[in-house]
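The primary structure of each chain is shown beneath.
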Amino acid sequence: IVEKIAGKSFPQYIKENIFAPARMDHSFVLLSNIPESMKSNVASGYRFNSFLATSGTNVETLRGAQDAFATKKNLYGPGNMYSTAKDLLKFHEALQGGKILKKQILLEMYTPTKLSTGEDYSTFARTNYLSKDAMGWFVANDSSAGTIVYHPGGDVGFVSYFMRNISKDQCVVILTNNEVVRHSTATSLMRILRSEERRVGKECRSRW
């Protein structure tokens with residue numbers, strides 16, 4: 001849809017309308033668009049193949065990961081976005097400062113979606129921040145300390161988390177090249193910013 005309306009490729013549109021105004025100089029869509037001088041800084045993903053493993057295995061050596069990466073090689077949107085923690089902080093600042101979207105559009109983007117039945121649409125439960133789904137964001141039900149919006153991500157060997165308190169201009173960015181980090185890590189950091197007791201999500205409780 002973006003390419004049809006804009007008349008240009010999706011990576012080029014994102015570069016001109018998001019990366020440039022936000023000054024995200026180390027962010028790219030597709031590995032092929034990363035300058036050769038920066039490709040050596042692209043992290044490889046790792047996976048602990050067993051509960052007793054003491055070190056991770058590079059997922060690029062695993063057949064399942066190789067097949068997955070080959071399938072998603074040219075995928076836009078949910079995958080093949082390369083960035084840094086510093087650039088994602090710039091993205092947060094650009095959104096906060098209205099450099100990318102107007103205030104009214106931002107309000108619409110952060111408004112939880114309703115189903116045709118009138119019920120809230122909520123599919124993401126792997127966090128200790130009970131939330132509703134909005135346009136590309138999960139919006140925490142608890143707004144006592146401000147409006148908290150976030151989006152998790154990941155791939156084989158990678159986990160990412162981008163969490164923001166848009167009322168207090170606070171941001172937590174987690175980018176890791178292993179699958180050990182859980183979604184409660186980011187929510188715990190946000191609670192620490194709020195001077196609250198750290199809580200662990202249900203997914204982190206283990207039976208021994």
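It should be noted that the structure appears before, not after, this text.
Caption draft 1: Expanded view of the overall build of the chain. Counting its secondary structure elements, the chain contains 7 helices and 9 strands. Buried residues in the chain amount to 32% of all 208 residues. In the structure as shown, the chain presents an accessible area of about 13,200 Å², 54% of it carried by carbon and sulfur atoms.

Caption draft 2: Expanded view of the packing of aromatic side chains. One pass over the full model with this rule turns up 5 aromatic pairs. Summarising the aromatic geometry, the rings of phenylalanine 91 and phenylalanine 162 are spaced 5.8 Å apart at their centres and angled 20° between planes, so their arrangement reads as stacked. Note that phenylalanine 91 is positioned in helix H5 (residues 85–96) and phenylalanine 162 in strand S8 (residues 158–165), a separation of 71 residues in sequence. Look at phenylalanine 91 and you get buried, because its relative accessible area is 18%. Here tyrosine 110 and tryptophan 137 contribute two aromatic rings whose centre-to-centre distance is 6.0 Å and whose plane-to-plane angle is 70°, an arrangement assigned as edge-to-face.

Caption draft 3: Here's a closer look at the nonpolar core. Ranked by internal contacts, the top residues of the largest apolar core, which has 21 residues, are Met24, Val29, Phe91, Leu95, Tyr110, Trp137 and Val149. The set of elements that each furnish at least two residues to this core consists of helix H2 (10–22), H5 and helix H6 (103–109). If we skip the residues at most four places from it in the chain, tryptophan 137 touches Leu95, Met109, Tyr110, Lys132, Val149, Tyr150, His151, Phe162 and Arg164. In terms of nonpolar packing, the next biggest core, distinct from the first, is built from 11 residues, Phe138, Ile148, Tyr161 and Ala186 among them.

Caption draft 4: Geometry of the pairing of S8. Within S8, 6 of the 8 residues are buried, which leaves it mostly tucked inside the rest of the structure. The pairing of strand S7 (residues 148–155) with S8 spans 8 bridges and is classified as antiparallel. Residue pairing for S8: histidine 151 is matched across the bridge by phenylalanine 162. With antiparallel pairing between neighbouring strands as the criterion, S7 and S8 make up a hairpin whose turn holds 2 residues, including glycine 157 at a positive phi of roughly 90°. In textbook terms, the turn of a hairpin is the stretch between consecutive antiparallel strands, and for S8 and strand S9 (residues 170–176) this stretch comprises 4 residues, one of which, aspartate 169, has a positive phi near 55°.

Caption draft 5: Structural detail: the pattern of salt bridges. Here the structure, examined in full by the defined rule, presents 4 salt bridges. Lysine 8 is the partner of glutamate 16 in a salt bridge, and the nearest nitrogen-oxygen pair spans 2.6 Å. Taking the relative accessible area as the measure of exposure, lysine 8 reaches 30% and is therefore partly exposed. Taking the shortest distance from any N to any O, the salt bridge between arginine 63 and aspartate 67 comes out at 3.1 Å. Remark: aspartate 67 and arginine 63 occur in helix H4 (residues 63–71); sequence separation between them is 4 residues, near one turn of the helix. Overall, the relative accessible area of 62% leaves arginine 63 in the exposed class.

Caption draft 6: Structural view of the sheet that holds S9. What the 5 strands build is an open sheet, ordered S5-S6-S7-S8-S9; its pairing is antiparallel. Edge positions in the sheet fall to strand S5 (131–133) and S9, since each has one partner strand and no second. Strand-to-strand twist of the sheet, defined as the mean angle between neighbouring strand axes without regard to direction, takes the value 20°. Here strand S6 (residues 138–140) pairs with S7 via 2 bridges, running antiparallel. By the bridge assignment for S7, valine 139 is matched with valine 149. Together, S8 and S9 form the strand contacts of H5, whose direction differs from that of S9 by roughly 150°.

Procedures and definitions
- Residues numbered from 1 in each chain as written.
- Predicted model: local features only at pLDDT ≥ 70, side-chain atom pairs only at ≥ 80, totals over all residues.
- Heavy atoms only, no water.
- Helix = DSSP H or I, 4+ residues; strand = E, 2+ residues; numbered from the N terminus.
- Buried < 20%, exposed > 50% of the residue type's maximum accessible area, 1.4 Å probe, protein only.
- Areas by Shrake-Rupley, 256 points an atom, 1.4 Å probe, with all protein chains shown as cover.
- Phe/Tyr/Trp six-rings, centres within 6.5 Å; stacked < 30°, edge-to-face > 60°.
- Core = buried A, V, L, I, M, F, W, Y, C linked by side-chain atoms within 4.5 Å.
- Contact = heavy atoms within 4.5 Å.
- Pairing = 2+ DSSP bridges.
- Salt bridge = Lys/Arg side-chain N within 4 Å of Asp/Glu carboxyl O.
- Axes fitted to C-alpha atoms, helices over the stretch in contact; angles between N-to-C directions.

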